[in-house]
Amino acid sequence: MEKSEIVGYEPLVNDLKLLINKKQYHVLKMINAETINLYWEIGEEIYKQQEQNGWGKSIVQVLSKELQKEFPGAKGYSAANLWRMRNFYLTYRDSEKLAPLVREISWSNNIIIMEKCKDDLQREFYIQMTKRYGWTKRVLTNFIEAQTYEKYLLNQTNFDLTLTEERRVQAKLAVKDEYTFDFAELSPEYSEHELEMQLVNNIRSFLIEMGGDFTFIGNQYHLMIGSRDLYIDLLLFHRRLRSLIAIELKIGEFEAEYAGKMQMYLTALDEQVKLPDENPSIGIIICKSKDKMYVEYALKQINAPIGVATYQLRNTLPEEMKAMLPEPEEIVKRLRIFEKE
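Keep in mind it's a predicted model, so treat the numbers as computed, not measured.

(A) Region of interest: the overall build of the protein chain. Counting secondary structure elements, the protein chain contains 16 helices and 7 strands. Projected onto the principal axes, the alpha-carbon positions of the protein chain cover approximately 80 × 75 × 35 Å. For the protein chain, the residues scored as buried account for 44% of the 341 residues in total. Contacts in the protein chain between residues at least 24 apart in sequence constitute 64% of all its contacts with a sequence separation of at least 6. Surface accessibility of the protein chain: about 19100 Å² in total, with carbon and sulfur atoms responsible for 51%. Of note, the protein chain has its 45 positive side-chain charges centred 5 Å away from the centre of its 52 negative side-chain charges.

Have a look at this one:
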């Protein structure tokens, strides 16, 4: 029978494609895990032999030369990489929790996390995020340099009360505690309109700062509620969350009334703009400053998902913000959400 005479075979083709992709992904995961296991064991052996024989760092030069001679063309046996294997083993050998997790992400991502993160809690966050969202080396580096871990722990939202568990983590990642608008050229006494126009005029830089999964829909987005005209400062769409994101800009301190107004915007978006296959809308109020306790109380009785953030015009994490990071016990509690995945 010729192909042209066969009908209804498309579902079989699709099933086979899914099966092949699934198996290929499984094989790649196994290869990655075995590679990490090999590097772990090499690192362990180097460390133990150094301890027994009193060798210094120069031993890795000798080992690198001999291994590359034995395995010509094989990548990964440079002196620098062998030394990383030793440090990799020492970094995680006493961590029952992280030692298995490091097998689930690539070696290049492991190196970045090991060398750029200062403690196991921070490393766990980035390992879990890389595993969950498939972050590339470049994306991971950008998130670490943007201090995503610190800002994730500091961010203020009511998402625990207003979003389903499967959307909660991604939504928290989508809302920073503080944004940096260092690309904005503002006059000394700028207005909210001027700030808004600077963000729109530098839309590419703005969307990068927002986090990379956002697309721009419009500014001063018009809604009608009864006979009232409402205008949302900025309306975005988040591709992973599949949600409209309403943003209100305030150049002063956060006030509780902003949350009530945002809730009305989100209700109108969900009823008038949201498509049937999209998730409920989310609001982000970005202010020049905020009282964290005041924000916490203001969001408690709000039924719509809202985050409150601040903005600055330079890229640093102020010392007073660093001092507000949770205690290690609280960080452990917040990271437990990943264990349910």
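(B) Fine view of the packing of helix α6 (residues 120-133) against helix α10 (residues 165-174). Relative orientation of the contacting elements α6 and α10 amounts to 115 degrees, with a least axis distance of 13 Å. In this structure, α6 meets α10 at a crossing whose hand is left-handed. For the pair formed by α6 and α10, the contact residues are F125, M129, R132 and Y133 on the first element and E166, V169, Q170 and L173 on the second.

(C) Inspection of a nonpolar patch on the surface at higher detail. A cluster of nonpolar side chains, contributed by L12, L16, L19 and I20, occupies part of the molecular surface with about 370 Å² of accessible area. The topology assignment puts L16 in helix α1 (residues 10-53).

(D) Spatial organisation of the pairing of strand β7 (residues 306-312). Taking burial as the measure, the 7 residues of β7 include 7 buried ones, the bulk of the element. Covered by surrounding structure in β7 are I306, V308, T310 and Q312 together with G307, A309 and Y311, the residues of both alternating faces. Where strand β1 (residues 156-157) lies against β7, 2 bridges are found, and the strand directions are antiparallel. Each residue of the ladder has a partner; that of Q156, found in β7, is V308. By the bridge criterion, 5 bridges tie strand β6 (residues 279-287) to β7 in an arrangement that is parallel. Looking at β7, one finds that I285 is bridged to V308.

(E) Quick look at the pattern of salt bridges. Applying the stated criterion across every chain yields a total of 16 salt bridges. Close ionic contact of K69 with E66 constitutes a salt bridge, the shortest N to O distance being 3.6 Å. Here K69 pairs with E66, and both are found in helix α2 (residues 59-70), just 3 residues apart, close to one helical turn. K69 gets classed as exposed once you look at its relative accessible area, which sits at 57%. Take E66: its relative accessible area is 42%, and that puts it in the partly exposed class. A salt bridge links D277 to R242; its shortest N-O distance comes to 3.3 Å. With D277 in the loop between α13 (256-272) and β6 and R242 in the loop between β4 (228-238) and β5 (243-249), this pair connects stretches of sequence that are 35 residues apart. Overall, the relative accessible area of 53% leaves D277 in the exposed class. Counted as one network, the salt bridges with shared partners bring together D160, R168 and K172.

Conventions adopted
- Residues numbered from 1 in each chain as written.
- Predicted model: local features only at pLDDT ≥ 70, side-chain atom pairs only at ≥ 80, totals over all residues.
- Heavy atoms only, no water.
- Helix = DSSP H or I, 4+ residues; strand = E, 2+ residues; numbered from the N terminus.
- Buried < 20%, exposed > 50% of the residue type's maximum accessible area, 1.4 Å probe, protein only.
- Contact = heavy atoms within 4.5 Å.
- Areas by Shrake-Rupley, 256 points an atom, 1.4 Å probe, with all protein chains shown as cover.
- Lys, Arg positive; Asp, Glu negative; His and termini not counted.
- Charge placed at Lys NZ, Arg CZ, Asp CG, Glu CD.
- Axes fitted to C-alpha atoms, helices over the stretch in contact; angles between N-to-C directions.
- Left-handed = near helix turned anticlockwise from the far one by under 90°.
- Patch = residues over 30% accessible without salt bridge, like charges linked within 9 Å, V, L, I, M, F, W, Y side chains within 5 Å.
- Salt bridge = Lys/Arg side-chain N within 4 Å of Asp/Glu carboxyl O.
- Pairing = 2+ DSSP bridges.

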